[in-house]
Amino acid sequence: MDNTSLQYLTDTRRKLHALAELSGAEYKTCAFITEELKRFGYKPKTVETGVYCDVGRGNGRLAFRADIDALPLTENTEITGMTEYCGTGAMHACGHDGHTANLLNVARIVGGKSDVPLRFIFQFDEEVAGGSTVMIERGVLDGVDEIYALHLCPELEIGKIGYCYGGMFAGCCEFDVNVFGKSSHCAATEQGADAIMSSVEIATAVYESAKRRDMLVNLGKICGGDARNIVADMCKSEYTLRFYDMAKCESVILDIERAALSCDDKNGTTHNTEHIAVYPPLINHALSVDNVRRVMGDRCVAVEPRFTAEDFANYLLKVPGCMVWLGTRSEGHTSPLHSETFSFEERALVYGTELFMKLIESRMSA
């Protein structure tokens, strides 16, 4: 990759880093992407604060996706060295500035014409509500027959591409269990209905059900009660389930409902369950992973699946494709994703551009 690419990647990543905006509010980022694409000869379209554009004619489009939102973190610029490019109230702590700069660089190199039908997708709201669903509903996959994405990885050395066949990221089910009881003095418990007692019994059932199915579960927050000597009339428990098999997730949800109903009968409580968000597991398609390995050769290394979630999974439910890790680890850049000290050297992005360009070239020679 020539020095022009590295300079563009560096400049663009830092501009995007300074623009950092929260999920669903990426207005300046959207405007920047749109103007860059127009400058390169494209006719971009917007979906809320997301952007996409096409080049080349025909169906059977090869698509690439980058996510554009940031996280609500205050950056530690003493560690990242990005004082001049620090955003306000948000930080690109998951590398989305790098993802976006990389895809813009590919669009720049391709220019406004291509023998291969391509679509470049810049997705909003990956971190919170799953903007992929909205973009898919608005037609961003129409005519697409394969899609790729990458994610920065501070555990892999710069220049390495981490691949994983099958499940790469876990599915995620976030839900709350609200239990309602009746207050009474603890000296007269028979006059009350203990919402906390039911919640604890339900939690035990949740963990036992998930353990039987080798699923990860976490009860991250529980709130209930008014005083130590009063039977609680309400308790809210906030859970996340992580899984690679949607059927197992559904079985756990059924077990939770059975346990909650049993507690209601036994303790005199009532309940409801609120499902906040459900993301499917990200399942890479084998032929797409093979394509990555073929074009990148010995730069590729096998990696293990993770229990983190990624809404790129929604695209892979519709069309074949895969996501890979792009190594960013170097001296002084070892902080994990989603931390206030995460940063990377822009030269890592050169290998992301190389990967996407080689995938395009492989279509041309197929």
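Everything quoted here is computed from the prediction, not taken from an experiment.

Novice: Requested: an account of the pattern of salt bridges, with residues and values cited.
Specialist: Using the criterion set out here, one finds 21 salt bridges in the structure. Put simply, Arg 65 and Glu 310 hold a salt bridge, and the shortest N to O gap is 3.3 Å. Taken together, the positions of Arg 65 in strand 3 (residues 61-67) and Glu 310 in the loop between strand 13 (300-302) and helix 9 (313-316) put the pair 245 residues apart, joining distant regions of the chain. In this structure Arg 65 comes out as buried when scored by relative accessible area, which is 2%. Across the pair Lys 266 and Glu 201 runs a salt bridge whose closest N-O atoms are separated by 3.2 Å. Placement of Lys 266 in helix 7 (residues 246-267) and of Glu 201 in helix 6 (residues 195-212) is noted, with a sequence separation of 65 residues between them. What makes Lys 266 exposed here is its relative accessible area of 57%. Overall, Glu 201 belongs to the partly exposed group, its relative accessible area being 25%. Here the residues in one salt-bridge network are Arg 13, Arg 14, Asp 97 and Glu 346, joined through shared partners.

Novice: Mind laying out the packing of aromatic side chains, listing which residues take part and the relevant values?
Specialist: Where two aromatic rings form a pair, the distance of their centres and the angle of their planes describe that pair. Enumeration according to the criterion identifies 11 aromatic pairs in this entry. Ring geometry for Phe 312 versus Tyr 315: centroids 5.5 Å apart, planes at 40 degrees, classification tilted. Each member of the pair, Phe 312 together with Tyr 315, is buried. Joined through ring pairs, the aromatic side chains of Tyr 42, Phe 64, Phe 120, Tyr 148 and Phe 356 make up one cluster. Above the ring of Phe 344, the side-chain terminus of Arg 13 is found at 4.0 Å from the ring centroid. Sitting above the plane of the Trp 325 ring, Arg 306 keeps its charged end 4.2 Å from the centroid.

Novice: Quick one: what's the story with the side chain of Glu 126, residue by residue and with numbers?
Specialist: Along the chain, Glu 126 turns up in the loop between strand 4 (118-123) and helix 5 (131-137). Nearest to the buried, unbridged Glu 126 among oppositely charged side chains is Arg 65, at 4.6 Å. Within the local environment of Glu 126, its side chain forms a polar contact with the backbone nitrogen of Asp 311, the two atoms lying 3.4 Å apart. Aside from chain neighbours lying at most four places away, what touches Glu 126 is Arg 65, Asp 67, Asp 69, His 96, Ala 309, Glu 310 and Asp 311.

Novice: Kindly report on the side chain of Thr 80, identifying the contributing residues and their values.
Specialist: Locating Thr 80 in the fold gives a position in helix 3 (residues 77-80). Thr 80 sits in the buried class, given a relative accessible area of 7%. At 3.3 Å, the side chain of Thr 80 forms a polar contact with the backbone nitrogen of Met 82. Residues within four places of Thr 80 in sequence aside, it is in contact with Glu 75, Met 91, Glu 340, Thr 341, Phe 342 and Ser 343.

Novice: Describe the environment of Phe 356, listing the residues and the values that go with them.
Specialist: Tracing the sequence through the fold places Phe 356 in helix 10 (residues 349-365). Here Phe 356 falls in the buried class, since its relative accessible area comes to 2%. Linking Phe 356 and Leu 103, residues 253 residues apart in sequence, is a C-alpha distance of 8.3 Å. In this structure Phe 356 touches Phe 64, Asn 102, Leu 103, Val 106, Tyr 148, Ala 149 and Leu 150, once residues within four positions along its chain are discounted.

Novice: Let's hear about the sheet that holds strand 14 (residues 321-329): which residues, and what values?
Specialist: The eight strands are arranged 1-2-4-3-5-14-6-13 in an open sheet whose pairing can be described as mixed. Edge positions in the open sheet fall to strand 1 (45-47) and strand 13, since each of these has one partner strand only. The mean inter-strand angle of the sheet, taken between neighbouring strand axes irrespective of direction, is 30 degrees. Alignment of strand 2 (residues 50-55) against strand 4, held across five bridges, turns out to be antiparallel. Bridging across to strand 4, Val 51 finds its partner in Phe 122. Most of the contacts of helix 2 (residues 27-39) go to strand 2, to which it runs at about 15 degrees, and overall it touches strand 1, strand 2 and strand 4.

Novice: Which residues make up unusual backbone geometry, and what values do they have?
Specialist: Backbone geometry at Asp 125 places phi at a positive 50 degrees, although glycine is not the residue there. Topologically, Asp 125 is positioned in the loop between strand 4 and helix 5. The class of Asp 125 is buried, set by a relative accessible area of 9%. A positive phi angle, close to 55 degrees, is found at Asp 214, a residue other than glycine. In this structure, Asp 214 sits in the loop between helix 6 and strand 9 (216-224). On the basis of relative accessible area, Asp 214 is assigned to the exposed category, the value being 66%.

Novice: Mind laying out the packing of helix 6 against helix 7, listing which residues take part and the relevant values?
Specialist: Between helix 6 and helix 7, whose axes approach to 9 Å, the crossing angle comes to 155 degrees. When the axes of helix 6 and helix 7 are compared, the pair comes out roughly antiparallel. Helix 7 is crossed by helix 6, and the crossing has right-handed handedness. Of the residues in helix 7, those in contact with Met 197, Ser 198, Glu 201, Ile 202, Ala 205, Val 206, Ser 209, Ala 210 and Arg 212 of helix 6 are Val 252, Asp 255, Ile 256, Ala 259, Ala 260, Cys 263, Lys 266 and Asn 267. Grouping the constituent residues of the contact of helix 6 with helix 7 by class yields 10 nonpolar, three polar and four charged.

Conventions and cut-offs
- Residues numbered from 1 in each chain as written.
- Predicted model: local features only at pLDDT ≥ 70, side-chain atom pairs only at ≥ 80, totals over all residues.
- Heavy atoms only, no water.
- Salt bridge = Lys/Arg side-chain N within 4 Å of Asp/Glu carboxyl O.
- Helix = DSSP H or I, 4+ residues; strand = E, 2+ residues; numbered from the N terminus.
- Buried < 20%, exposed > 50% of the residue type's maximum accessible area, 1.4 Å probe, protein only.
- Phe/Tyr/Trp six-rings, centres within 6.5 Å; stacked < 30°, edge-to-face > 60°.
- Lys NZ or Arg CZ within 6 Å of the ring centre and 35° of its normal.
- Lys, Arg positive; Asp, Glu negative; His and termini not counted.
- Polar contact = N/O pair within 3.5 Å; in protein donor to acceptor, adjacent residues only side chain to side chain.
- Contact = heavy atoms within 4.5 Å.
- Pairing = 2+ DSSP bridges.
- Axes fitted to C-alpha atoms, helices over the stretch in contact; angles between N-to-C directions.
- Parallel < 35°, antiparallel > 145°, perpendicular 65-115°, else oblique.
- Left-handed = near helix turned anticlockwise from the far one by under 90°.
- Nonpolar A, V, L, I, M, F, W, Y, C, P; charged D, E, K, R; others polar.

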